[in-house]
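One letter stands for each residue in the lines below.
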Amino acid sequence: MTIPWFSANIPGPKQARVVTPEIAAKILSKVGRKMMLCGSGIKGQKIGKEPIQKYILDLSKEMSVVVAPSVLKDFLEMGAEPVAKGVVEVTNLLRDAEWRGFDGKGNYDMVAYLGFPYYLESQMLSVLKHFSDIKTMSLGRFYQPNADYSFDNLKEKEWEKNFENLISLLRRK
Amino acid sequence: MKIPVDVSVVHEGERIRKEDMYVELGGPKVSSKGELVRVRKPGEIRDGNVEVEGPDFDKLKEGGRYPFAIFVEVAGKNVEEDLEAVIERRIHDYCNYVEGFMHLNQRYDIWCRLSKKSYERGFNTLKYLGQALITLFKAELPIIEKIQVTFITDEKKVEAFVNDARKIYEARDARARALSEEEVDTFYGCVLCQSFAPTHFCVITPDRISLCGSINWFDGRAAARVDPKGPNFAIPKGELIDEVNGEYSGVNKVVKERSQGETERFYLHSIFNFPHTSCGCFESIAFYIPEVDGVGVVHRDYIGETVLGVPFSTLATQTGGGKQVEGFLGMAIEYMRSPKFLQADGGWNRMVWLPKSVKERVIDDIPAELRDKIATEEDATDIAALKGFLKERGHPVVERWREVEAVEVPELEVMPVGAPGGIKIILQNAKIHAEKVIIKKIK
Amino acid sequence: MKGTKFKIDEFESDLIKATGLEITVGRIVEEEWEEILGPTPMPSVTDLRKWDFALLNRYKPMYAPLCDLCCLCTYGKCDLSDGKKGACGIDIGAQQGRIVLLACCIGAAAHGGHARHIVEHLIEEHGDMPIDMGKNVEVEAPLVRLIAGIMPKKLSDLLEPLEYAEGELMHSLSATHTGQEGYFTDFESKALHVSMTDQLLMEIADVAQISALGFPKGDPGAPLVDIGFGSIDTKKPVILCIGHNVVPGAEVINYLRDHDLYDKVEVAGICCTAHDLTRYDKGAKIVGPLSKQLQFVRTGIADVIIVDEQCVRADVLQEARKTGAAVIATNDKICLGLPDRTKDSPKDVIDNLLGGAPGALILDAEKVGEVAVRTAIKLSETRKRRALNVVKEAKKCIQCGLCIRECHNNLDIPRGMEKAAKGDLSLLSEIYELCIGCGRCENVCSKEIPIVSLLGGAAKEITRKERYKVRSGRGPIQDTEIRNVGSPIVLGEIPGVVAFVGCPNYAGSSKEIAEMAEIFLSRRYIVTTSGCAAMDIAMYKDEEGKTLYEKYPGNFDAGCLSNVGSCVSNAHIAGAAIKIASIFAHRNLRGNYEEIADYILNRVGAVGVAWGAMSQKAASIATGFNRLGVPVILGPRGAKYRRTYLGRPDKSEDWMVYNARTGEKVQISPSPEYLLYVAESKEEAIVSIAKNCIRPNDTTKGRQIKLTHYIDLHKRYFGKMPEDIAMYIRTEADIPITLKAEIMKILKAEKWEPRITPDPTLLERLCRKKEVK
Ligand code: SF4
Ligand code: SF4
Ligand code: SF4
Ligand code: SF4
């Protein structure tokens, strides 16, 4: 069994399934309404030579993207205007089955988290794990047991490759 | 023309240090400087026009200090000469909203600085400043229909301007001093403090500034003109019911409405019977001192004990929250300058104690013959000393003591509680347990 | 007077005939307080439940379990995931409420134990002194008046509310037992309740020590005192006090004063004891906040370490052993397994310590003073401070990376070691800046490298120069200061009150908190602070080399920075909010909690920020503020408290209040938006603070200035106009004049309609007219 990145962060018997980019892409492409939440940690993050924001924008063609307000500026500078809201606030909306979503079309089936402080993400995943039917996926570098699906603990370069791979798989279909 | 810097209230607190300034306009090192607002006829104004008489920023030497005048002319159906002073005070606020521009003081005393940073960002002409002023004036005071602004930096011209302006300030002040309740038919109300004290509101007349000292009759008038439904509104004064107390039918009507029925009537110039209510903002408090049958005043900044042996903060808890409390009145220090100051209670003739710093501030308004008869903390810090002081100096309240002493006090009959014959309570094998019995002194 | 009994066998008067009447009286109190007693003096656990439910209905708790399991009884462990219930029937939601309640009980108990000790001690040492909060403080103990319904005049008057709070704590804690409370809202209500008593307890502790120990009494000009490693004169013997109870440290100072030694020995403190030492004597030094504890102990600068209570590292004894410092435990809460030497002669204890005993437990503060001073003087002569060879140690690192996985902040220690091994200490020194001094990395290090010491060693050049100024804790806010700000608040000159409080468990640099404080100071908010946060605010200088305390005055006023003092001084921040209601609205405080909390929630634009909240005390402090109607924003680590209270601005039905003028229900802006929020970044917190200063009662001018700052900060940090702006505009007069055109366009597009500004309340009973229909 994979050990959480913070080794003490063992919530209980129910822990995330470790996924490869291929499986993640397969799972994501099967669900209907999906959202990706991007945290403050994406600031300055690069995939190869490109800023990660470019990949995220790419992805926004496949699913709703919500970013932490503190990184909104980066997107505005690129001419995009994604929804920006604090992760705690968004998670609070998500746990309400009646919530209509940011586009008014209803709540989401799956949410992916990326770029948050490890423990904050862990806690937000825990909210949805216990208090909603939404499936969750963690796309960060570290294994998050509270998600339904998570990448394994990865080295920086491995993770970049994984992420790039995931996006291209999602974009290809 | 887009202003190259930000214009917002958030820049209000900004100070520009000498090292950061591009130029200084006015200020202590320059003899001529000033600002003035005048009301004109609409035909006399080129709306939106900004003129610069004398060298503009780009012609001034960096680090230099120059004479400076700001002249704002306005017109509008509801803009009258009486409002000039109110509009003029806004120049200070608005100038400070401009990022990298600092404005201190008012009238012939102004002191402005432009920061290097803002100059470098393209703020190189006073026209931008004029434009900002015009936009802000129109946004906040929509009664201004037309406005033009002239800046003067030419030394001779500034000098001439200031000479003329001084005459106008003087005339204005004279008019403000002369204006009285008799002369106007409208007073103003303020309900701003209802956000914290839901049943309090202030009545503002030419003889009575608001208790916080922030809003005088002219301010009230201007605000009510701009937004009649806003927190400052007109009160038709109605009939004069009682001249001495300052009771007006129009005021009473509004008192009932605006105090949510809590209060029925106001005596505008008395601390007895139906005094004006207060929130918590009052600058000072007038309090009755029964032992000498006089009135004392203490202000918020006075540290130490009053003649009653308690500090301001203790006295202040006696009133507030829109409650009418006899013998206590929250008021502005400026009200002490009013010719109607507590006139119902004897005005200055009843005033027996006030802190020295307040006395010094209002000394010119104290009738000359009373100036040395009113005690401060240096003369008396307790009632006994106060009595002695008043007697020694021959304060007019001393007369009142004789009157009181002469009146015979009839004996009071105390009614026993539970008159005989009515009911009878029978307790049989009763057990009463009280967790706590509180004994209160009845005053 | 206590316990009186009358017996009347037969009695007849015109009014009453009684036979066999027995009257017993518990207590007779003479009282001069004329204020009418409100509905809830010393409320029981359920007396304010209705108010809690009103809050919980708008601000629904969101739970983030830290653990899916429960192991509190022998039925367990129980797995509560996937909707499973425990063997006792509890579900995961209620279980979170339970844990939160437990945390709040622990927090309240810590302050309660502290308050009990200090009140009893002070009465014993100084006699039953009068309560004196100084000039211009009319309401001496707003929380005692509000919650307990009494007006304390002397120290012993604090015993009754203290007893009350202890009782409530027992009831609240008992609800966490297996088979007691079963529903989350009721767990929350109890958490709110016990946290309310926590505020009471903090006030009792601080009022007592201010009165008896001569601390500054509401003085905005309280002295500027030294803080930072560099402020400690290491040439002198050094006594370090850690914790929260000033009594033993004060006795050290007394002993030094009495023996003319004060200029020969350094007395320094960490955590709130340090604050209170400087309040006792401005010559005491503050080392820094909790995060500096391990670091400083490791430097070996201290000769004697006195621990009292709360926030003391459990391994302080082992750590002290490494440096040869002697540890004196002084409080029943922390005995550390040490032998009790309370009854022994000071000389014996000192000899024993000098002879190599690791420490002693001395439960007599006066004796602590003597033993600590004499031991420190002797030890400093013989003890050697060992120097650490950072490079040599760093060379041991095998780059296994285990440390980084233990580090809260994911600090890249291995890379720091790699560089250090080559003689470049810069990265380790950078890491030091972000390290909260927890020591977890060391526990797992494959090579047993003393990582924390290496970080400190690498940053030595910097820390040695760390010398700042902090304003000593001033205690209460003066009534006159509150009066001063009334008119500028309604006239729209002051946008709000921001309180930076709590521990230093930061997710980023400790400088962030000073940065945040300065943003609001320069915008002329009223900024107030306490505890470790007040220390971190000091540890930052501007280009001119000034700390914020030197730059901004210590008043409770626009653009001023008031440090109220230690953790227990937080009560004065709550007290200031309460006093607004009594001063401006003349609302009765006495036993009138619900009405005052309603007043504060709807009118007082104050926000608490606990950027590095760590302890259970911080949990109860935040929850106590919440019950009083004050929103609190936590740093990202706050998510681990498991519970936030979040409003839903998108649900307009959640934002209805009564208009007390008419009795009608009316729509308000969603404000405050949260009661307890966790912000991911400082940018998010800053914008959130500005927004949560908005209140439904704002005057139009007040709303203008609040929105101006909200919008300006939003644009500055997030790059655009906030999307919810229309919700906050009631009438056109609310629109900041410099943004009129821009906002009118938005309003038009959103088909905005004007609304009235009510006299807002959640309590129907406060309405003057009932709705007629
Ligand atoms: S005290 Fe000043 S702001 Fe308050 S209601 Fe009176 S005039 Fe208005
Ligand atoms: S308290 Fe309840 S949930 Fe916890 S271990 Fe016992 S039975 Fe299980
Ligand atoms: S002591 Fe510092 S570096 Fe080590 S784990 Fe704790 S925070 Fe990280
Ligand atoms: S745990 Fe120790 S050995 Fe391993 S990388 Fe960290 S410092 Fe080096």
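Calculation notes
- Residues numbered from 1 in each chain as written.
- Chains lettered and ligands numbered in written order.
- Predicted model: local features only at pLDDT ≥ 70, side-chain atom pairs only at ≥ 80, totals over all residues.
- Heavy atoms only, no water.
- Helix = DSSP H or I, 4+ residues; strand = E, 2+ residues; numbered from the N terminus.
- Rg over C-alpha atoms; globule rule 2.2 N^0.38 Å.
- Buried < 20%, exposed > 50% of the residue type's maximum accessible area, 1.4 Å probe, protein only.
- Contact = heavy atoms within 4.5 Å.
- Areas by Shrake-Rupley, 256 points an atom, 1.4 Å probe, with all protein chains shown as cover.
- Lys, Arg positive; Asp, Glu negative; His and termini not counted.
- Charge placed at Lys NZ, Arg CZ, Asp CG, Glu CD.
- Buried area = accessible area lost by both parts, 1.4 Å probe.
- Salt bridge = Lys/Arg side-chain N within 4 Å of Asp/Glu carboxyl O.
- Domains from an automatic or database assignment.
- Axes fitted to C-alpha atoms, helices over the stretch in contact; angles between N-to-C directions.
- Parallel < 35°, antiparallel > 145°, perpendicular 65-115°, else oblique.
- Near = heavy atom within 4 Å.
- Nonpolar A, V, L, I, M, F, W, Y, C, P; charged D, E, K, R; others polar.
- Phe/Tyr/Trp six-rings, centres within 6.5 Å; stacked < 30°, edge-to-face > 60°.
- Lys NZ or Arg CZ within 6 Å of the ring centre and 35° of its normal.
- Core = buried A, V, L, I, M, F, W, Y, C linked by side-chain atoms within 4.5 Å.
- Pairing = 2+ DSSP bridges.
- Polar contact = N/O pair within 3.5 Å; in protein donor to acceptor, adjacent residues only side chain to side chain.
- Arc of directions from axis to C-beta.
- Patch = residues over 30% accessible without salt bridge, like charges linked within 9 Å, V, L, I, M, F, W, Y side chains within 5 Å.

J.: Which residues make up the overall build of chain A, and what are the values?
T.: Of regular secondary structure, chain A possesses six helices and nine strands. Computed over the C-alpha atoms, the radius of gyration of chain A is 15 Å, within 12% of the 16 Å expected from 2.2 N^0.38 for a compact globule of 173 residues. Burial statistics for chain A: of 173 residues in total, 60% are counted as buried. The contacts in chain A between residues at least 6 apart in sequence include a share of 63% that link residues at least 24 apart. For chain A, the exposed area adds up to about 7,100 Å²; of that, 51% sits on carbon and sulfur atoms. If you average the places of the 25 positive and of the 20 negative side-chain charges in chain A, the two averages end up 3 Å apart.

J.: Can you break down the interface of chain C and chain A residue by residue, with the values?
T.: On the side of chain A, 44 residues touch chain C, which itself brings 49 residues to the contact. Between chain C and chain A, the buried area comes to about 3,500 Å², and carbon and sulfur atoms account for 55% of it. Remark: the boundary between chain C and chain A carries five salt bridges. Across the pair Lys720 of chain C and Glu81 of chain A runs a salt bridge, and its minimum N-O distance is 2.7 Å.

J.: Please provide a residue-by-residue account of the domain arrangement of chain B, values included.
T.: Residue and element names in this part refer to chain B. According to the domain assignment, chain B consists of domain 1 (9-175) and domain 2 (181-344). A straight line from the C-alpha centre of domain 1 to that of domain 2 covers 34 Å. Taken together, the contact between domain 1 and domain 2 spans 11 residues of the former and nine residues of the latter. Taken together, both faces of the contact between domain 1 and domain 2 bury some 840 Å²; the carbon and sulfur share is 59%.

J.: Which residues make up the packing of helix α4 (residues 87-94) of chain A against helix α5 (residues 118-131) of chain A, and what values go with them?
T.: All names here are of chain A. Where α4 contacts α5, the two axes come as close as 9 Å, and the packing angle between them is 10°. By the criterion of interaxial angle, the relationship of α4 to α5 is roughly parallel. Residues Val87, Val88, Thr91 and Leu94 of α4 pack against Leu120, Met124, Val127 and Leu128 of α5.

J.: For the site of ligand 2, give the residues involved together with the corresponding values.
T.: As a structural note, the neighbourhood of ligand 2 is formed by Cys70, Leu72, Cys73, Tyr75, Gly76, Cys78, Gly86, Ala87, Cys88, Ile90, Arg98 and Thr178 of chain C. Taken together, the residues of the shell around ligand 2 break down into eight nonpolar, three polar and one charged.

J.: For the pattern of salt bridges, give the residues involved together with the corresponding values.
T.: Residues and elements named next belong to chain B. This model, assessed by the stated rule, comprises 93 salt bridges over all chains. Across the pair Asp82 and Arg175 runs a salt bridge, and its minimum N-O distance is 2.9 Å. Pair noted here: Asp82 is in the loop between β5 (68-75) and α1 (84-97) and Arg175 is in helix α4 (residues 155-178), with a separation of 93 residues, a long-range link. Under the relative-accessibility criterion, Asp82 is labelled buried at 16%. Residue class for Arg175 comes out partly exposed when judged on its relative accessible area of 37%. Taking the shortest distance from any N to any O, the salt bridge between Arg393 and Glu392 comes out at 3.5 Å. With a relative accessible area of 32%, Arg393 lands in the partly exposed category. Of the residues examined, Glu392 reaches a relative accessible area of 62% and is grouped as exposed. Taken together, the shared-partner salt bridges in this structure form one network comprising Arg38, Glu81, Glu84, Glu88 and Arg172.

J.: Before we move on, can you summarise the arrangement of the chains with the specific residues and values?
T.: Once contacts are tallied for each of the two pairs of chains in contact, the highest total is for chains B and C. At the level of C-alpha atoms, the two units chain A and chain B stay apart, their nearest approach being 19 Å.

J.: Any details on the site of ligand 4? Residues and values, ideally.
T.: Every residue lining ligand 4 is accounted for by Cys397, Ile398, Gln399, Cys400, Gly401, Cys403, Pro414, Cys445, Ser446 and Ile451 of chain C. Grouping the amino acids of the shell around ligand 4 by side-chain chemistry returns seven nonpolar, three polar and no charged.

J.: Run through the packing of aromatic side chains, naming residues and quoting values.
T.: Enumeration over the complete set of coordinates arrives at 35 aromatic pairs over all chains. The rings of Trp5, Phe6, Tyr118 and Phe142 of chain A are connected pair by pair, giving a single aromatic cluster. In this arrangement the basic side chain of Lys640 of chain C is found over the ring face of Tyr119 of chain A, its NZ or CZ atom lying 4.7 Å from the centre. Taking NZ or CZ as reference, Lys665 of chain C lies 5.0 Å from the ring centre of Tyr658 of chain C, over its face.

J.: Just give me the short version of the side chain of Ser278 of chain B, but keep the residues and values in it.
T.: Within the secondary structure, Ser278 of chain B sits in the loop between α6 (249-258) and β14 (284-289). Excluding residues that lie within four positions of it along the chain, Ser278 of chain B makes contacts with His200, Leu211, Thr319, Gly320, Gly321, Gly322, Lys323 and Gly330 of chain B.

J.: Kindly report on the nonpolar core, identifying the contributing residues and their values.
T.: Nonpolar side chains tend to gather and get buried jointly when the protein is soluble and globular. Counting 357 residues, the largest nonpolar core has Leu94 of chain A together with Phe500 and Phe520 of chain C as its most contacted members. Ranked by residues supplied to this core, first place goes to helix α5 (residues 184-213) of chain C with 12 residues. When neighbours within four sequence positions are excluded, Phe500 of chain C is seen to be in contact with Ile513, Met516, Ala517, Phe520, Val527, Thr528, Thr529, Ser530, Ala533, Ile537, Val609 and Ile689 of chain C. In terms of nonpolar packing, the next biggest core, distinct from the first, is built from 50 residues, Ile301, Val316, Ala394 and Ala459 of chain C among them.

J.: Give a description of the environment of Leu317 of chain C that names residues and reports values.
T.: Residues and elements named next belong to chain C. Within the secondary structure, Leu317 is located in helix α9 (residues 316-323). According to the relative accessible area criterion, Leu317 is buried, its value standing at 16%. Note: C-alpha distance between Leu317 and Glu203 (114 residues apart in sequence) is 31 Å. Other than its neighbours up to four places away in sequence, Leu317 contacts Val327, Leu336, Leu338 and Pro358.

J.: Now, about the pairing of strand β3 (residues 50-53) of chain B: what can you tell me, with residues and values included?
T.: All names here are of chain B. Where burial is concerned, the two faces of β3 differ: the one with Val50 and Val52 is buried and the one with Glu51 and Glu53 is not. Inspection of the sheet shows β3 paired to strand β8 (residues 146-152) by four bridges, in the parallel sense. Opposite Val50, over in β8, you have Val149 as the bridge partner.

J.: Residue-level account of the side chain of Asp479 of chain C, with values.
T.: Structurally, Asp479 of chain C can be placed in helix α19 (residues 479-490). Within the local environment of Asp479 of chain C, its side chain forms a polar contact with the backbone nitrogen of Glu138 of chain C, the two atoms lying 3.0 Å apart. Ignoring sequence-local partners within four residues, the contact set of Asp479 of chain C consists of Ser313 of chain B together with Asn136, Val137, Glu138, Val139, Lys579 and Ile583 of chain C.

J.: Provide a residue-level description of helix α14 (residues 413-421) of chain C, including the pertinent values.
T.: Residues and elements named next belong to chain C. Of all the residues in α14, the buried ones are Ile413, Pro414, Gly416, Met417 and Ala420. Around the axis of α14, the buried residues are gathered within 160° of arc, so they sit on the same side. Looking at the packing, one finds that the buried side of α14 touches α12 (390-394), α13 (402-406), α15 (426-434), α16 (440-444) and α17 (451-458).

J.: Explain the pairing of strand β7 (residues 111-115) of chain B to me, using residue names and the numbers behind them.
T.: Note on strand geometry: in a regular strand, side chains alternate between the two faces of the sheet. All names here are of chain B. Burial analysis of β7 places four of its five residues in the buried class, the great majority of the element. Bridge analysis of strand β1 (residues 21-26) against β7 gives five bridges, and the strand direction is antiparallel. From the neighbouring strand, Met21 faces β7, where its bridge partner is Ser115. Pairing geometry for strand β6 (residues 101-104) and β7, over four bridges, is antiparallel. Opposite Phe101, over in β7, you have Leu114 as the bridge partner. Once β6 ends, the chain turns through six residues before running back antiparallel as β7, passing Asn105 with a positive phi of about 65°.

J.: Can you tell me about a negative patch on the surface, naming the residues and giving the values?
T.: A surface patch of like charges, here negative, comprises Glu124, Glu125, Asp258 and Glu366 of chain C. Looking at the secondary structure, you find Glu124 of chain C in helix α2 (residues 92-126).

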